[in-house]
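# A structural walkthrough
What follows is the residue order along each chain.
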Amino acid sequence: LRVLGIESSCDETGVALVELPEGSAGVAPPRLLAHALHSQIDMHQAYGGVVPELASRDHIRRVVPLAREVLSQSGLGLDAIDVVAYTRGPGLAGALLVGTGVACALGLALQRPVLGVHHLEGHLLSPFLSADPPEFPFIALLVSGGHTQLMRVEGVGRYEQLGETIDDAAGEAFDKTAKMLGLGYPGGPALARLAEQGRADAFALPRPLLRAGNLDFSFAGLKTAVRTQLLKLEAAQALTEAARADLAASTQAAIVEVLVAKSLAALKGSGLRRLVVAGGVGANRSLRQQLDAACQRRGVRVHYPELHLCTDNGAMIALAAAMRLQAGLAQPSEAYAFDVQPRWELTQR
Ligand code: ATP
Ligand code: MG
Ligand code: FE
């Protein structure tokens with residue numbers, strides 16, 4: 001089964017071809033045959049955030065050339081595609097419509113069915129493309145630009161939400177602090193780089209909901225605390241390069257500590273010994289180090305996506321479609337209807 005996946009929910013256009021070996025279901029791992037990606041980050045930088053209309057227009061420009069690139073990388077022709085998958089939601093409506101429209105047009109032209117995929121299910125399953133794929137069941141920490149959730153995952157399509165952020169997402173906390181520190185947008189990776197030069201215990205920042213006794217998160221207050229600290233430093237003319245690095249390191253430490261503590265609590269509460277981390281913040285070095293150390297002490301295995309598949313990409317969309325089809329959970333459609341779902345809970349998948 002070969003699935004072409006198209007991702008266009010936000011500011012990355014991604015196309016990929018994934019192959020699931022036929023027959024013995026679940027035994028042979030899925031293979032990524034080819035993938036291509038274009039990030040619009042440079043285009044949105046000037047505005048300090050994603051401009052939805054610009055995003056849609058750029059997806060239109062990029063998607064077909066990227067699909068061509070994927071086919072040429074794979075050495076396969078269009079007729080090698082069995083199913084065309086696309087991100088149906090959640091995301092920006094206009095951006096989603098581009099991937100959906102192209103997927104439906106391609107499906108109609110090739111006489112192949114199409115399948116809409118939940119973007120977060122793509123993130124969640126992306127570690128199955130890694131060299132060390134997980135096994136069900138597991139606890140999943142989904143940490144992206146728009147979401148922060150802990151899920152109990154029994155199998156493909158069997159997701160129970162254990163907790164989520166009540167305000168900002170973890171990636172948003174990284175991005176907003178980075179912006180305050182003048183690190184551009186989205187500044188998560190830049191903040192992480194600056195943090196490497198700072199002291200994580202330099203500033204006492206809050207650990208929101210750390211002791212709330214539940215698995216929910218809150219990061220909005222942290223952002224305010226950072227702003228207050230920044231203003232203090234500025235007023236004292238003490239905002240040196242070293243102080244900025246200290247503030248970056250302290251912010252990252254606060255976010256990471258809460259993510260690690262709540263993940264451990266979810267593991268403990270469930271009795272499971274396997275953790276999957278997915279989404280853009282899953283690329284964070286400090287988060288990986290601290291999770292690895294804490295989980296090793298407790299005999300818990302941690303699985304991550306390959307670094308380049310942490311943020312948005314077409315591979316995870318093709319993979320999620322392939323795994324749903326393999327599990328008999330999805331019926332690809334030949335209706336070629338333009339349906340996107342900008343707001344969509346993963347548990348309603
Ligand atoms: P969602 O998937 O919730 O719709 P999204 O698609 O925008 O949101 P992702 O592509 O999964 O999110 O991840 C992007 C986020 O990951 C950004 O907030 C970015 O700053 C953050 N990020 C990426 N790399 C790192 C890193 N090394 N450290 C911290 N944050 C990072
Ligand atoms: Mg993005
Ligand atoms: Fe994403």
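Residues numbered from 1 in each chain as written. Chains lettered and ligands numbered in written order. Predicted model: local features only at pLDDT ≥ 70, side-chain atom pairs only at ≥ 80, totals over all residues.

Looking only at helices and strands, the protein chain has 10 helices and 10 strands in total. Relative to the globule expectation of 20 Å for 349 residues, the C-alpha radius of gyration of the protein chain, 20 Å, shows essentially globular dimensions. Projected onto the principal axes, the alpha-carbon positions of the protein chain cover approximately 65 × 45 × 30 Å. The burial tally for the protein chain puts 50% of its 349 residues in the buried class. Residue pairs in contact within the protein chain that sit at least 24 positions apart in sequence constitute 75% of those at least 6 positions apart. (Helix = DSSP H or I, 4+ residues; strand = E, 2+ residues; numbered from the N terminus. Rg over C-alpha atoms; globule rule 2.2 N^0.38 Å. Buried ≥ 20, exposed ≤ 12 C-beta atoms within 10 Å, placed from the backbone. Contact = placed C-beta atoms within 7 Å.)

All right, on to the packing of helix H8 (residues 241-270) against helix H9 (residues 285-297) then. Packed helices, taken two at a time, are described by the angle their axes make and the gap between the axes. Taken N-terminus to C-terminus, the directions of H8 and H9 make an angle of 35°; their axes are 10 Å apart at the nearest point. As H8 runs across H9, the sense of the crossing is right-handed. Two secondary-structure elements touch here, H8 through Gln-252, Val-256, Leu-259, Val-260, Ser-263 and Leu-264 and H9 through Ser-286, Leu-287, Gln-290, Leu-291 and Ala-294. Per-class residue counts for the contact of H8 with H9 are seven nonpolar, four polar and no charged. (Axes fitted to C-alpha atoms, helices over the stretch in contact; angles between N-to-C directions. Left-handed = near helix turned anticlockwise from the far one by under 90°. Nonpolar A, V, L, I, M, F, W, Y, C, P; charged D, E, K, R; others polar.)

We now examine the UniProt feature "binding site: Fe cation" (unreviewed entry) in the protein chain. In this numbering, the UniProt entry assigns the feature "binding site: Fe cation" (unreviewed entry) to His-119, His-123 and Asp-312. A compact arrangement is adopted by the annotated residues: their sequence extent is 194 residues, whereas the largest C-alpha distance between any two is 8.7 Å. With respect to the secondary-structure elements, His-123 resides in helix H4 (residues 119-125). By the C-beta count within 10 Å, which is 30 here, His-123 ends up buried. Those residues in contact with His-123 that sit more than four places away from it in its chain are Leu-142, Ser-144, Ala-278, Gly-279 and Met-316. With respect to the element layout, Asp-312 can be found in the loop between strand S10 (301-303) and helix H10 (314-326). Judged by local crowding, Asp-312 falls into the buried class, with 26 C-beta atoms found within 10 Å. The residues touching Asp-312, leaving out its near neighbours within four places in the chain, are Glu-7, Ser-9, Cys-10, Glu-12 and Gly-14. (UniProt positions renumbered as here; feature names shortened; annotations may be inferred.)

This part covers H9. Here H9 contains 13 residues, and its C-alpha end-to-end distance of 19 Å stays within 8% of the 18 Å for a straight helix at 1.5 Å per residue. Count one or two residues on from H9 and you reach Gly-299, which has phi positive near 70°. (Expected span 1.5 Å × (residues − 1).)

Gly-145, Gly-146, Gly-171, Gly-188 and Gly-280 are the nearest of the 21 residues found near ligand 1. Elements supplying a minimum of two residues to the shell around ligand 1: H4, helix H5 (170-180) and helix H6 (188-195). Residue classes in the shell around ligand 1 are distributed as seven nonpolar, 12 polar and two charged. (Near = placed C-beta within 6 Å.)

What follows concerns H6. Of the positions making up H6, those classed as buried are Gly-188, Leu-191, Ala-192, Leu-194 and Ala-195. Buried residues of H6, seen end-on, are gathered within an arc of 165° and therefore sit on one face of the element. The secondary structure elements touched by the buried residues of H6 are H5, H8 and H9. (Arc of directions from axis to C-beta.)

Next up on the list: the environment of Glu-53. By secondary structure assignment, the location of Glu-53 is in helix H2 (residues 52-74). Take Glu-53: there are 10 C-beta atoms within 10 Å of it, and that puts it in the exposed class. For the pair formed by Glu-53 and Asp-82, sequence separation is 29 residues and the distance between their alpha carbons is 32 Å.

The next thing to look at is the UniProt feature "binding site: substrate" (unreviewed entry) in the protein chain. Sites flagged by UniProt as "binding site: substrate" (unreviewed entry) map to Leu-142, Val-143, Ser-144, Gly-145, Gly-146, Asp-175, Gly-188 and Asn-284. With respect to the helices, strands and loops of the structure, Gly-146 is situated in the loop between strand S6 (138-143) and strand S7 (148-155). Owing to 17 C-beta atoms within 10 Å, Gly-146 belongs among the partly exposed residues under this scheme. By the element assignment, Asn-284 lies in the loop between strand S9 (274-278) and H9.

Let us now look at the sheet that holds strand S8 (residues 158-164). Here five strands make up an open sheet; going across it, the order is S8-S7-S6-S9-S10 and the pairing mixed. Every interior strand has two partners, whereas the edge strands, S8 and S10, have only one. Neighbour-to-neighbour, the strand axes of this sheet turn through a mean angle of 25°, independent of strand direction. Across four bridges, S6 lies against S9 in parallel orientation. When the sheet's bridge partners are listed, Leu-142 is paired in S9 with Ala-278. Running over the sheet, H8 touches S6, S7, S8 and S9 and is turned about 155° from S6. (Pairing = 2+ DSSP bridges.)

Now for the nonpolar core. Of all hydrophobic cores here, the largest spans 108 residues; its most connected members are Val-18, Ala-85, Ala-140, Ala-318, Leu-319 and Ala-321. Counting residues per element, this core draws most heavily on H8, at 11 residues. (Core = buried A, V, L, I, M, F, W, Y, C linked by C-beta atoms within 7 Å.)

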